[in-house]
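Below, each chain spelled out in residue letters.
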Amino acid sequence: MDLPRSLAAASLALTVLSAAGCASPPSRGSERPAPPAADAFLLDAARHPEEWRTHGGTYLEQRWSSLDSIDESNVAKLGLAWTFDTETTRGLEATPLVVDGVLYATLTWSRVVALDARTGVKRWGWDPEVDRAYGRRACCDVVNRGVAYYDGRIYAGVLDGRLVALDAATGEPVWQVVTVDQSLPYTITGAPRVIGGKVLIGNGGAEYGVRGYVSAYDAATGELVWRFHTVPGDPAEGFESEAMRKAAATWDGEWWTMGGGGTVWDSMAYDPELDLLYVGTGNGSPWNREVRSPGGGDNLYLSSIVALRPDTGEYVWHYQTTPGDSWDYTATQHIVLADLEIGGEPRRVLLQAPKNGFFYVIDRATGELISAEKYVDITWATHVDPATGRPVETPGARYETAPFLLRPSALGGHNWQPMSWSPATGLIYIPAQLNSTYLAPPESFAFVPDSWNIGIGRRPMPPEVEAEVKDLPSGHLLAWDPVAQREVWRVPHAVMWNGGTLSTAGNLVFQGTGGRRFAAYRATDGEKLWDVATATSILGSPITYQLDGAQYVSVLAGWGGAFGLNRSDAGGAGKRGGWILTFALAGSAAMPERAASAPRPPSPIALDADPGQIASGAELYEETCAVCHGTAAQSGGALADLRYSAPRVFERYAEILLEGALLDVGMPAFDDRFSADDAAAIRAFVLSERARLIQRR
């Protein structure tokens, strides 16, 4: 629906306390000189669909290709052209790039590979040799979402906070810089972008207690050019900018002692005509506003889209999707820029389907809300008020005094997996999902640095609530009309956690699934035209490119990520390995096969523990271990199920938990968190769950 431009005239001073803030910005294009050749290369990406030059295909991040050699009439003849074994068993989330016949991709632990895009033959590989202890700081697996290309170099973010420039021809490092304070629990999993000779990179770690920011580095030298913090620091130390001073008025208490959060861990987009960079910001640290900002407030710029000048990092406007976020409703989900006709007039818009369940259409010049409607079922708010741009919250949704059944959960109605836009159909294709959780106020809270801090209590769930939380999770491919703000069609999936999408001029939408399928759908009505069983589940986003007149479609396949680590109901996707799969009409290669390793039935192990010790172990496990190893010690498939561990593992629990005996395989030590008694209690809990498993068999 077309709504009044009520926010457009508001100044920053008036709007900084509300959901949206605006400042001047129309186009500066006429003032800017012609770009250098390296910048023109990226600016012209849409004119060169035979390559995939930047993360979202172009700066507009539409993930749309005008290639149409593969179309709805012949896609059924698609076959596997080549595969590349990544030799990994964790989540693969990258969008590859293709430049001058070479495919560049990132793997787990921030490794980078360059492959011949025709054959999949490896040209070079680079391993940043990340200390495996960093796996403890990666909330959602040791993943990486891709690289950037600029002027003969490949740029990659590394899990431990480094940014590296590699020679695109050889993979040799040209420069490396540390972008974070490595004594703090920062990580990098997102893909860099390059704009005007500057490499842009954010970071993650809000759950662990960090302050978010996005930085720009000189692409040639690695020198820091600017940094924009997304939340204010300690007011006693002054503010880096006027934007931070005004944001501080929306916080309360001593939030800076807990980091504040707001990390820019994924989405960015750029409008060259307006010369505006758009970044999505993350949740608060801790999640619960009542803990981090006890007097309330919007807590800017958490869960916001922020527009900046890419040359200087200067703040221009913001729109906050979830004021005072208490639910981990990040706005780091994919940002798409498009031109739409709304209410009979052309509008330059920004489109986003963040975690909170509302689909937003925003004027990308001013930050004005045009419309917002639910794209999945939600319980925390009834609607977004068009006059203020703010959600109208459901009473009790903030769980201040009593538990609340929340939909969607922190996994969101849409997570990091990119959506795609088709200018041909006028639809956007969203990897949507349904889920819920039960939130309760904490009985007490003490911030623990470098640990999982969310500020949420635990309460027994009523049976009907427990049934919904367990049974609801489901995923679907959603075709959404952003002008009418309505669903056009959907395709249900077997597993909730699925891959990103690609749309093409062949009237096709491609998507991989957590159910180990890769498929093409007719973009206009969602009819499945082709699909194939894959060696493992697909989380990555497909790309398409063309060489020697042949069109290819390529995607990374490897199970993991937040859902794949810690949800025991993840669909049995299994620990099967990882591949880059590339398809073409003439493809005739065999799909690689590697069955999920079925664990041996666990043998009984004597458990000498009282109920109190087991209960204590269960609490410690859920607080610290479940995020990677699954709720109730039931793995989501990306890591080994602890209940099936060999007897010798249970003999070494103290060594593993306190001394890092398995650090080489990514299991860090927790000697700063656990005592010997704690390790024994966790062992007792896992053994009790092993005994339950054996009894059920």
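These numbers were taken from a predicted model, which means no experiment stands behind them.

(A) Seen up close, the overall build of the chain. Scanning the chain from N- to C-terminus turns up ten helices and 40 strands. In summary, the chain has a C-alpha radius of gyration of 24 Å against a globular reference of 26 Å for 697 residues, a match within 12%. C-alpha extents for the chain along the principal axes are approximately 75 × 60 × 50 Å. In the chain, which comprises 697 residues, the proportion classed as buried is 63%. Total accessible area on the chain is roughly 24200 Å²; 50% of this is exposed by carbon and sulfur atoms.

(B) A look at helix 7 (residues 611-629). The end-to-end C-alpha distance of helix 7, which contains 19 residues, comes to just 22 Å, noticeably less than the 27 Å that a straight helix rising 1.5 Å per residue would cover. The largest bend in helix 7 amounts to roughly 55° and is located at glutamate 622. Taken residue by residue, helix 7 has Ile614, Gly617, Leu620, Tyr621, Thr624, Cys625, Ala626, Val627, Cys628 and His629 as its buried positions. Near the N-terminus of helix 7, the side chain that reaches the backbone nitrogen of glycine 612, with its oxygen 3.0 Å away, is that of aspartate 610.

(C) Here's a closer look at the sheet that holds strand 9 (residues 153-157). Read from one edge of the open sheet, four strands run 8-9-10-11, paired in antiparallel fashion. Every interior strand has two partners, whereas the edge strands, strand 8 (148-150) and strand 11 (173-178), have only one. On average, each strand axis in the sheet is inclined to that of its neighbour by 20°, with strand direction left out of account. Where strand 9 meets strand 10 (residues 162-167), five bridges bridge the pair, whose relative direction is antiparallel. Each bridged residue has a counterpart across the sheet, and for glycine 157 the counterpart in strand 10 is leucine 163.

(D) Inspection of the nonpolar core at higher detail. Counting residues in hydrophobic clusters, the biggest one holds 61 residues, and the most contacted among them are Val75, Leu103, Tyr104, Phe510 and Tyr545. When near neighbours in sequence (up to four residues on either side) are disregarded, valine 75 contacts Ile70, Leu508, Phe510, Ala520, Leu529 and Trp530. Among the nonpolar cores identified, the runner-up in size contains 52 residues, and Ala269, Tyr319, Tyr360 and Ala372 belong to it.

(E) The arrangement of the packing of aromatic side chains in detail. In total, this model carries 30 aromatic pairs according to the counting rule given. Ring centres of tryptophan 287 and tryptophan 452 lie 6.1 Å apart, and the angle between their planes is 70°; this geometry places the pair in the edge-to-face category. With tryptophan 287 in the loop between strand 19 (284-285) and helix 4 (289-292) and tryptophan 452 in the loop between strand 31 (437-439) and helix 5 (463-471), this pair connects stretches of sequence that are 165 residues apart. Taking the relative accessible area as the measure of exposure, tryptophan 287 reaches 10% and is therefore buried. Classification of tryptophan 452 by relative accessible area gives partly exposed; the value is 23%. Summarising the aromatic geometry, the rings of phenylalanine 358 and tryptophan 380 are spaced 6.0 Å apart at their centres and angled 80° between planes, so their arrangement reads as edge-to-face. Here the residue phenylalanine 358 occupies a position in strand 24 (residues 358-363), and tryptophan 380 occupies one in the loop between strand 25 (369-374) and strand 26 (381-384), the gap between them amounting to 22 residues. For the pair phenylalanine 358 and tryptophan 380, a shared accessibility class is recorded, and that class is buried.

(F) Inspection of unusual backbone geometry at higher detail. That bond from serine 285 to proline 286 is cis: its omega, -5°, falls within 30 degrees of zero. Among the structural elements, proline 286 can be located in the loop between strand 19 and helix 4. Phi angles above zero are rare outside glycine, and serine 110 is one such case at about 65°. Phi is positive for aspartate 328, which is not a glycine, with a value near 60°. Residue placement: aspartate 328 occurs in the loop between strand 21 (315-320) and strand 22 (335-342). A relative accessible area of 5% places aspartate 328 in the buried class.

(G) Structural context of the environment of arginine 153. Its location among the elements puts arginine 153 in strand 9. The class of arginine 153 is partly exposed, set by a relative accessible area of 22%. Spatially, the C-alpha atoms of arginine 153 and glycine 171 are 8.7 Å apart, while their sequence positions differ by 18 residues. Residues in contact with arginine 153, not counting those within four places in the same chain, are Ala148, Ala165, Leu166, Ala168, Val174, Trp175, Ala219 and Ala220. A polar contact is formed between the side chain of arginine 153 and the backbone oxygen of alanine 219, at a distance of 3.2 Å. One polar contact links the side chain of arginine 153 to the main-chain carbonyl oxygen of alanine 220, over a distance of 3.0 Å.

(H) Layout of the sheet that holds strand 32 (residues 474-481). If you trace the four strands from one edge of the open sheet to the other, you get 29-30-32-33, paired in antiparallel fashion. Each of the sheet's edge strands pairs with one partner strand only, and the pair in question is strand 29 (420-422) and strand 33 (486-493). On average, adjacent strands in this sheet sit at an angle of 30° to one another, irrespective of strand direction. Two elements, strand 29 and strand 30 (residues 427-434), share three bridges in a ladder whose sense is antiparallel. The residue of strand 30 that forms the bridge with serine 420 is tyrosine 429.

(I) Expanded view of the side chain of threonine 544. Relative to the helices and strands, threonine 544 resides in strand 38 (residues 543-547). A polar contact is formed between the side chain of threonine 544 and the backbone oxygen of tyrosine 552, at a distance of 2.6 Å. The residues contacting threonine 544, other than those within four sequence positions of it, are Pro49, Glu51, Trp52, Ser65, Leu67, Leu502, Thr504, Gln551, Tyr552 and Val553.

(J) Expanded view of the pattern of salt bridges. Applying the stated criterion across every chain, the model contains 33 salt bridges. Note that glutamate 368 is salt-bridged to arginine 347, the shortest N-O span being 3.1 Å. Here arginine 347 lies in strand 23 (residues 345-352) and glutamate 368 lies in the loop between strand 24 and strand 25, a separation of 21 residues in the sequence. Like glutamate 368, the residue arginine 347 is buried in the burial classification. In this structure, arginine 398 and glutamate 393 form a salt bridge, with 2.8 Å as the shortest nitrogen-oxygen distance. Judged by its relative accessible area of 7%, arginine 398 is buried. Each of Glu72, Arg522, Asp525 and Glu527 takes part in one network of salt bridges that share partners.

(K) View of the confidence of the model for the chain. Per-residue pLDDT for the chain has a mean of 90; in total, 92% of the residues score no lower than 70. Across residues 22-30, where pLDDT falls below 50, the model places 34 contacts with residues more than four positions away in sequence or in other chains. The model gives residues 568-573 a pLDDT under 50, and that stretch makes 16 contacts with residues more than four places away or in other chains.

Basis of the calculations
Residues numbered from 1 in each chain as written. Predicted model: local features only at pLDDT ≥ 70, side-chain atom pairs only at ≥ 80, totals over all residues. Heavy atoms only, no water. Helix = DSSP H or I, 4+ residues; strand = E, 2+ residues; numbered from the N terminus. Rg over C-alpha atoms; globule rule 2.2 N^0.38 Å. Buried < 20%, exposed > 50% of the residue type's maximum accessible area, 1.4 Å probe, protein only. Areas by Shrake-Rupley, 256 points an atom, 1.4 Å probe, with all protein chains shown as cover. Expected span 1.5 Å × (residues − 1). Bend = angle between axes of the 7 residues up to and from the residue. Polar contact = N/O pair within 3.5 Å; in protein donor to acceptor, adjacent residues only side chain to side chain. Pairing = 2+ DSSP bridges. Axes fitted to C-alpha atoms, helices over the stretch in contact; angles between N-to-C directions. Core = buried A, V, L, I, M, F, W, Y, C linked by side-chain atoms within 4.5 Å. Contact = heavy atoms within 4.5 Å. Phe/Tyr/Trp six-rings, centres within 6.5 Å; stacked < 30°, edge-to-face > 60°. Salt bridge = Lys/Arg side-chain N within 4 Å of Asp/Glu carboxyl O. pLDDT = per-residue confidence, 0-100.

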